[in-house]
Amino acid sequence: MSSLRHDWARSDVLALLDLPFADLLQRAHGVHRAHHDANAVQVSTLLSIKTGGCPEDCAYCPQAARYSTGVEAEKLLPLETVIERASQAKAAGATRFCMGAAWRSPKDRDVPKVAAMIRAVHALGMETCATLGMLSESQAESLREAGLDYYNHNIDTAPEFYADVIKTREFQDRLDTLGHVRKAGMKTCCGGIVGMGESRAQRAGLLQALANLPEHPQSVPINRLVQVEGTPLAGTALLDPFEFVRTVAVARIIMPRSMVRLSAGRAEMSDELQALCFFAGANSIFYGEKLLTTGNPDVHADQQLFARLGIHALQIDVEADAAHANTVHADITEGACADEVSIAAMPA
Ligand code: SAM
Ligand code: DTB
Ligand code: SF4
């Protein structure tokens, strides 16, 4: 297997984005097949454990307190609710459960509460992921000790476009948190958002910054901006769908072993566009009818899409390290509803 590159120049990445569409897709799909089962997609479910009232100013976000978006501030969910929702997600076929909080960073008193949630989800036999904002080294260690497998912290956009989108914290703050997460021994889930009015060169900048991190993030969510009324980015010119596919394809080429997640924005995508993204190298989705506060395709629609495309859900042994994962394939049974899905696991 080829070694991974961490020295991408902006011009290299832009040259890939500029390729004729068919050439780019053929190349990305070749890389995809060389490193992954092209018919397997990893399935994660999200839960907002602390919604709204966030002090930050991220211009895309419905949960920022300063924008009137109709999202009400709520308290941290009780542990029992999180266990119930994770059990439902597992029954529906999700293998990873990601807990999100609308915090700039967790307060030290919040960490034991989230740690209890992580322990409980881990005990259900699911992979655990959390996204809680900036973390200190000791907070990252506590979460790791509780059994946290992945920490999601996005760089969101190119370094030079970042301040146009977020002013209350800096790009370097994100890199520092990612460093604390890696140091604590957790896997990183790190990606960004496209469709925020950035240029193609700035999309290249986002991808370049991701691939040049000290380790490629094990999971790379590519979000298409979900435009929410009341946020400063509502009304932004819509991104050409082919440009979205190009972004996925280049992520696949320059981070060949990472799981590239087709993340926010799927509810507004056609089945055909999603199929193109899977062909271009996307191999992970958020599954379940809600992301954090906005909609996602319902599970029945996703089950049908998987069946129509011959895709099966990928299940990873939660005890195994991703690099040496003992993978099994699980079918999300087409036609079944969330609470009656059976997963037939069989050796890969
Ligand atoms: N508050 C924490 C933080 O920002 O790090 C964690 C939760 S935050 C909602 C997680 C990520 O969701 C953001 O970094 C952003 O990439 C994504 N996100 C938020 N609102 C979005 C939107 N409207 N469209 C697409 N992605 C969005
Ligand atoms: C990520 O990159 N996308 C997810 C997850 N990580 C936490 C969040 C998407 C949020 C979309 C807007 C909302 O539902 O509030
Ligand atoms: Fe807060 Fe996270 Fe939303 Fe930014 S993205 S406003 S930090 S919840």
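In case you missed it, the structure is sitting above this.
Along each chain, residues carry numbers from 1 onward, in the same order as the chain's sequence is written. For this description, chains carry letters from A and ligands carry numbers from 1, given in the order in which they are written. In keeping with the model being predicted, local features are shown solely for residues with a pLDDT of at least 70 and side-chain atom pairs are shown and tallied solely at 80 or more, while totals for entire chains, interfaces and linings include all residues. Each side-chain value is derived from all of the structure's non-hydrogen atoms; neither hydrogens nor water enter the calculation.

(A) Representation of the packing of helix α1 (residues 10–17) against helix α8 (residues 200–211). In this analysis an axis means a line fitted to C-alpha atoms, helices contributing only their contacting stretch, and an angle means the value between N-to-C directions, from 0 to 180 degrees. The helix count covers DSSP runs of H or I at least four residues long, the strand count covers runs of E at least two residues long, and both are numbered beginning at the N terminus. In the contact formed by α1 and α8, the axes pass within 9 Å of each other and the chain directions differ by 120°. When the interaxial angle is binned, α1 and α8 end up oblique. You can see that α1 and α8 cross each other, and the crossing is right-handed. Taken together, the residues of α8 that come into contact with α1 (itself represented by R10, V13, L14 and L17) are R200, A201, Q202, R203, A204, G205, L207 and Q208. Residues are grouped as follows: Ala, Val, Leu, Ile, Met, Phe, Trp, Tyr, Cys and Pro are nonpolar; Asp, Glu, Lys and Arg are charged; all remaining types, including Gly, are polar. Split by residue class, the contact of α1 with α8 holds 6 nonpolar, 3 polar and 3 charged. For classification purposes, angles smaller than 35 degrees are called roughly parallel, those larger than 145 roughly antiparallel, those between 65 and 115 roughly perpendicular, and all remaining angles oblique. Two helices cross in a left-handed way if the nearer one is turned anticlockwise from the farther one by less than a right angle. They cross in a right-handed way if the turn is clockwise. Contacts are assigned to residue pairs that have any heavy atoms within 4.5 Å of one another.

(B) Fine view of the pattern of salt bridges. Here, a salt bridge means any Lys or Arg side-chain nitrogen found within 4 Å of an Asp or Glu carboxyl oxygen. Tallied over the full model, the rule gives 14 salt bridges. D7 is paired through a salt bridge with R5; the nearest N and O atoms lie 2.8 Å apart. The classification of residues rests on relative accessible area computed with a 1.4 Å probe and restricted to protein chains. Under 20% of the type maximum is buried, over 50% is exposed, and intermediate values are partly exposed. Overall, D7 belongs to the exposed group, its relative accessible area being 52%. Note on R5: relative accessible area 34%, which makes it partly exposed. Of the charged contacts, one joins E243 and R203 as a salt bridge, the two residues approaching to 3.1 Å between their closest N and O atoms. Here E243 is found in helix α9 (residues 241–254), whereas its partner R203 is found in helix α8, with 40 residues between them in sequence. The same class applies to E243 as to R203, namely buried. Counted as one network, the salt bridges with shared partners bring together D18, E198, R200, R203 and E243.

(C) Focus on the packing of aromatic side chains. Paired rings are identified among Phe, Tyr and Trp, the last through its six-membered ring, by centres lying within 6.5 Å, and are further divided according to the angle between planes into stacked (under 30 degrees), edge-to-face (over 60) and tilted (the rest). Across all of its chains, the model carries 3 aromatic pairs by this definition. A ring pair is formed by F21 and F242, whose centres lie 5.3 Å apart and whose planes are at 65°; its orientation type is edge-to-face. Placement of F21 in helix α2 (residues 21–35) and of F242 in helix α9 is noted, with a sequence separation of 221 residues between them. A relative accessible area of 45% means that F242 is categorised as partly exposed. Plain terms: the ring middles of Y162 and F171 are 5.7 Å apart, the flat faces sit at 80° to each other, and that makes the pair edge-to-face. Accessibility assignment for this pair places Y162 and F171 in one class, buried. Whether a charge sits over a ring comes down to the Lys NZ or Arg CZ being within 6 Å of the ring centre and within 35 degrees of the ring normal. Lying across the ring of W8, R5 places its NZ or CZ 3.8 Å from the centre. Just above the ring of F286 sits the side chain of R261; from NZ or CZ to the centre is 4.6 Å.

(D) Region of the structure containing helix α3 (residues 79–92). A helix is expected to span 1.5 Å for every residue after the first. With 14 residues, α3 extends 20 Å between its outermost C-alpha atoms, agreeing within 8% with the 20 Å of an ideal straight helix rising 1.5 Å per residue. Every buried residue of α3 is listed here: V82, A86, A89 and A92. What you see down the axis of α3 is that its buried residues fit within an arc of 120°, all on one side. Turning to α3, the residues buried within the fold contact β1 (40–50), β2 (96–101), α4 (111–123) and α11 (299–309). Of the residues one or two after α3, G93 is the one with positive phi, at around 115°. Working note: the arc is built from the helix axis to C-beta atom directions.

(E) Looking closely at the site of ligand 2. Near ligand 2, the surroundings consist of 13 residues, among which N154, N223, L292, T293 and T294 are the closest. The side chain of N223 places a nitrogen or oxygen atom 2.8 Å from an oxygen atom of ligand 2. Whenever a nitrogen or oxygen atom comes within 3.5 Å of another N or O atom, the pair is scored as a polar contact, on the condition that within protein one atom can donate a hydrogen and the other can accept it, and that pairs from neighbouring residues in sequence are kept only if both atoms are in side chains. One of the side-chain N or O atoms of T294 is found 2.8 Å from an oxygen atom in ligand 2. Using a 1.4 Å probe, the Shrake-Rupley method yields the accessible areas, and only the shown protein chains count as cover for residues. When ligand 2 is considered free in solution it has 410 Å² of accessible area, and contact with the protein chains removes 89% of it. When the residues that make up the shell around ligand 2 are grouped by side-chain class, the tally is 7 nonpolar, 6 polar and no charged. Here a residue is near a molecule or strand as soon as one of its heavy atoms is found within 4 Å of it.

(F) Seen up close, the pairing of strand β8 (residues 259–262). Neither face of β8 is left uncovered, since the one carrying M259 and R261 and the one carrying V260 and L262 both have all their residues buried. Pairing between two strands requires that DSSP report at least two bridges joining them. By the bridge criterion, 4 bridges tie strand β7 (residues 219–224) to β8 in an arrangement that is parallel. Looking at the pairing, S219 lines up with M259 of β8. Orient the strands so they point away from the viewer, and a crossover whose first-strand-to-second-strand path over the helix runs clockwise is right-handed. Read as a crossover between parallel neighbours, the route from β7 over α9 to β8 is right-handed. Alignment of β8 against strand β9 (residues 284–286), held across 2 bridges, turns out to be parallel. Along β9, the bridge assignment pairs L262 with I285. As a crossover connection, the stretch from β8 through helix α10 (residues 271–280) into β9 is right-handed.

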